[in-house]
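Breakdown of the fold
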Amino acid sequence: MTEQQRGPGPDQTGETRRRQAGIAAFLVGLVATLAFFAFFPGLPHVIDWGAILVSLAVGGLARWACQSWMTRTAKDGERM
């Protein structure tokens, strides 16, 4: 009971940062892919369902890559 009242510990702070970075990476991947499909010369300049699904997949991949990189970096920092 007393641990819950003390506030976030170091593990919760790292997890919060990791979650926020994952959300930001997802949004950047999503927007960048949608912008690519919308403005790249030679494409039909339409956002269809395929472009939306690819953008969601790229956003998910960016989120996964960001979170795994942050986890690996944190583990390397603990070893030193």
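Structure's up top.
A brief report on the enclosed structure follows. (Residues numbered from 1 in each chain as written. Predicted model: local features only at pLDDT ≥ 70, side-chain atom pairs only at ≥ 80, totals over all residues. Heavy atoms only, no water.)

1. Looking at the overall build of the protein chain
Per the secondary structure count, the protein chain includes three helices and zero strands. When the helices and strands of the protein chain are placed in sequence order, the string is α-α-α. Of all 80 residues assigned to the protein chain, the portion counted as buried reaches 12%. Restricting to contacts in the protein chain with at least 6 residues of sequence separation, those with at least 24 account for 61%. Of the roughly 6500 Å² of accessible surface on the protein chain, a fraction of 66% belongs to carbon and sulfur atoms. (Helix = DSSP H or I, 4+ residues; strand = E, 2+ residues; numbered from the N terminus. Buried < 20%, exposed > 50% of the residue type's maximum accessible area, 1.4 Å probe, protein only. Contact = heavy atoms within 4.5 Å. Areas by Shrake-Rupley, 256 points an atom, 1.4 Å probe, with all protein chains shown as cover.)

2. With respect to the pattern of salt bridges
Per the counting criterion, the structure on display carries one salt bridge. One salt bridge in this structure joins Glu-15 and Arg-18, with 3.4 Å as the shortest N-O distance. Here Glu-15 and its partner Arg-18 are both found in helix H2 (residues 10-39), three residues apart, which amounts to about one turn of the helix. Residue classification places Arg-18 among the partly exposed residues on the basis of a relative accessible area of 25%. (Salt bridge = Lys/Arg side-chain N within 4 Å of Asp/Glu carboxyl O.)

3. Some words on the side chain of Ser-55
Position of Ser-55 among the secondary structure elements: in helix H3 (residues 49-79). Its relative accessible area of 0% is what places Ser-55 among the buried residues. Those residues in contact with Ser-55 that sit more than four places away from it in its chain are Leu-30, Thr-33, Leu-34 and Phe-37.

4. A few points about the packing of aromatic side chains
How two aromatic rings sit relative to each other is set out by the distance from centre to centre and by the angle between their planes. Applying the stated rule across the entire model yields two aromatic pairs. Three or more aromatic residues link up through ring pairs in this structure, and these residues are Phe-36, Phe-37 and Phe-40. (Phe/Tyr/Trp six-rings, centres within 6.5 Å; stacked < 30°, edge-to-face > 60°.)

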